[in-house]
Amino acid sequence: MTTGDRTAAAAFDVEKVRDDFPILKQQVNGHPLVYLDNGATSQKPQSVIDAIVRYYTTTNANVHRGVHTLSQQATDGYEGARAKIRRFINAGDDREIIFTRNTTEGINLVAHSYARQHVGPGDDIIVSNMEHHSNIVPWQIVCEEKGANLRVVPIDDTGELLMDEYEKMLSPRTKLVSITHVSNALGTILPAAQIVSMAHAYGAPVLLDGAQAVPHMPVDMQELDCDFYAFSGHKLFGPTGIGILYGKSDLLEAMPPFMGGGDMIKSVTFEKTIYNDLPYKFEAGTPDIAGAIALGAAVDYVNNLGFDQITAHEEELLRYGTQALTSIAGVKLIGTAPHKAGILSFTMDNAHPHDIGTILDEQGIAIRTGHHCAQPVMLRFQIPATARASLAFYNTKEDIDALVKGIDRVLEVFG
Amino acid sequence: MPQQPEVPLDGLYGDLVMDHYRHPHNRALISEADIEAEEFNPFCGDRAALQIKLDGQGKVCNVSARSEGCSIIQAATSMLSDMLPGKSLCELTAIAERFRASMYNGTGDDTEGLGDLLALQVVRRYPVRIKCALLPLVALEEGIKAYHSKAG
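Please read these numbers as outputs of a predicted model, since none were measured by experiment. (Residues numbered from 1 in each chain as written. Chains lettered and ligands numbered in written order. Predicted model: local features only at pLDDT ≥ 70, side-chain atom pairs only at ≥ 80, totals over all residues. Heavy atoms only, no water.)

(A) Region of the structure containing the packing of aromatic side chains. Residue and element names in this part refer to chain A. Counting across every chain of the model gives 15 aromatic pairs over all chains. Centroid distance Y55 to Y56: 5.1 Å. Interplanar angle 70°. Geometry classified as edge-to-face. Taking relative accessible area as the criterion, Y55 reaches 3% and is therefore assigned buried. Chaining the aromatic ring pairs together yields one cluster made of F21, F237, Y301, F393 and Y394. Positioned above the aromatic ring of F381 is the side chain of R380, whose terminal nitrogen or guanidinium carbon lies 5.3 Å from the ring centre. (Phe/Tyr/Trp six-rings, centres within 6.5 Å; stacked < 30°, edge-to-face > 60°. Buried < 20%, exposed > 50% of the residue type's maximum accessible area, 1.4 Å probe, protein only. Lys NZ or Arg CZ within 6 Å of the ring centre and 35° of its normal.)

In structure tokens form, the structure reads like this:
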């Protein structure tokens with residue numbers, strides 16, 4: 001597991017870490033960049049950028065095809081990245097690690113290749129009230145097609161899942177539970193292992209949307225015992241266009257392919273095509289080889305820092321930021337669950353989040369504004385949108401101070 | 001990346017924009033509108049809705065304009081609603097075209113019928129916000145289009 005190098009744990013030097021991220025050195029609108037939009041995408045360390053450049057400079061070739069040297073090196077790099085990611089999430093087998101484009105594709109793969117085969121009329125798929133649209137819409141499509149019901153576990157005013165309601169919702173009709181591990185709009189960390197075991201009591205498999213979890217905390221497939229786990233590389237300090245779907249091998253083996261094409265077959269004739277083994281059955285076509293290798297480099301980088309340090313630093317920042325924002329009159333935090341990761345979502349009495357975002361941008365501060373692809377969350381809190389500052393381990397208390405100063409400027413304009 | 005001028009926010013959030021934002025005009029709903037249109041920005045959930053009533057000569061005699069969202073959408077919706085009364089649909093289409101062109105290319109000398117909407121020229125310095133300013137305009141255009149297709 002990725003608990004990090006304990007000898008280094010005492011010496012987390014955020015300034016040294018920031019030196020690894022070239023983008024953080026630049027000025028935006030005449031101010032040093034204060035990047036607080038990590039929930040949307042994270043910045044990349046030099047080692048990840050170098051991995052991409054190195055791959056295209058020295059290795060580029062297609063994987064699983066040629067006998068020539070570069071193709072073998074590319075294949076080794078690609079498969080080596082898969083093994084790194086398997087260790088990173090403590091999956092049992094490299095065959096359970098499928099490269100996708102992103103979390104959304106992973107969820108859609110499960111919707112297509114699992115849910116469509118197992119969900120029938122009158123069955124239930126359960127999601128929560130704090131899902132990203134990508135963990136709602138694929139299930140709506142399946143439910144509409146199959147005459148099944150999408151059930152939604154409600155949340156309380158702090159943004160915690162109502163576990164009693166979840167318990168009541170589970171039944172033999174439950175064919176799949178698909179719930180976020182960490183809420184992108186609220187920051188809530190959900191009790192994922194408990195959610196999984198409760199569903200398993202009814203024989204229902206569970207998909208966890210880990211997009212907002214993997215950058216902030218160690219995730220362990222054996223501890224969680226979830227059946228599927230999806231996340232994106234670009235929120236984990238890797239490049240865009242590469243993501244991971246973990247699936248238990250027995251489930252994946254029984255599932256039909258998601259897409260047809262090269263790489264996912266053993267043999268093709270017009271009479272009969274034999275599908276390839278895991279994980280290749282789900283990786284049709286030439287994959288994002290450079291992206292996979294660079295994601296491996298990102299995982300190396302995170303492992304090298306260690307989650308002991310990352311979590312401690314981010315928890316301190318979150319505490320500092322929560323206190324700073326709650327002490328400003330006219331600012332309201334949305335999402336105040338006791339267990340949160342890296343998200344400060346807020347509204348202001350007199351200023352719409354877009355106006356907040358523009359005024360902060362003038363000062364070089366990047367945040368996300370809008371509904372965060374989680375409109376049901378906005379509806380739950382009766383707000384059109386929020387301003388969201390989202391943290392990574394390279395953020396500092398000075399970043400939070402800049403945010404507070406920026407909010408003061410919003411108050412000057414909008415009162 | 002392109003540098004923007006230092007703290008020009010007094011420009012973006014100038015008196016006229018803030019007046020319309022804080023006290024939007026023509027918000028009362030009207031019954032039996034001839035033209036009704038509502039546009040959403042799917043990326044932010046913002047909304048602009050227009051209702052227009054025409055008189056016997058086909059000119060706008062009553063307008064309702066409501067919006068939810070940022071100051072720019074709300075100000076633009078209010079400003080646009082002020083420009084509609086007394087105009088024919090042809091004239092409205094011309095104003096709409098002029099307004100859209102002005103948001104992308106500047107006004108030149110052709111500012112007829114734009115009124116307070118000219119204050120939104122400052123939004124051109126914030127390209128990502130231009131779509132906010134144009135949302136009520138899209139509602140107007142779609143409303144007129146639907147009215148013509150209904151009228152056959």
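(B) Just the sheet that holds strand 5 (residues 124-128) of chain A, in detail. All names here are of chain A. With mixed pairing, the seven strands of this open sheet are ordered in space as 4-10-9-8-7-5-6. What marks the edges here is a single partner per strand, and that holds for strand 4 (97-100) and strand 6 (149-153). Taking the axes of each pair of neighbouring strands and ignoring which way they run, one obtains an average angle of 20° across the sheet. One ladder, built from three bridges, connects strand 5 with strand 7 (residues 174-180); its direction is parallel. Paired with D124 across the bridge in strand 7 is T174. Strands strand 4, strand 7, strand 8 (206-209), strand 9 (228-232) and strand 10 (243-247) of the sheet are contacted by helix 4 (residues 103-118), whose axis makes an angle of about 155° with strand 9. (Pairing = 2+ DSSP bridges. Helix = DSSP H or I, 4+ residues; strand = E, 2+ residues; numbered from the N terminus. Axes fitted to C-alpha atoms, helices over the stretch in contact; angles between N-to-C directions. Contact = heavy atoms within 4.5 Å.)

(C) Examining the sheet that holds strand 14 (residues 343-348) of chain A more closely. Residues and elements named next belong to chain A. Read across the open sheet, the four strands follow the order 13-14-17-16; overall the sheet is antiparallel. Looking at strand neighbours, the two that pair on one side only are strand 13 (331-334) and strand 16 (368-370), the edges of this open sheet. Taken over all neighbouring pairs, the strand axes of this sheet differ in orientation by 30° on average, direction set aside. When strand 16 meets strand 17 (residues 386-390), the two strands line up antiparallel, connected through three bridges. Its bridge partner lying in strand 17, G370 is registered against T386. Across the sheet, helix 11 (residues 307-326) is in contact with strand 13 and strand 14; its angle to strand 14 comes to roughly 10°.

(D) Region of the structure containing the environment of Y78(A). Residue and element names in this part refer to chain A. Residue placement: Y78 occurs in helix 3 (residues 69-88). C-alpha of Y78 to C-alpha of S128: the two residues are 50 residues apart in sequence and 35 Å apart in space. If we ignore the near neighbours within four places in the chain, the residues touching Y78 are V63, H64, F99, E283, P287, D288, I289, A292 and I293.

Purely geometric numbers; function is a separate question.
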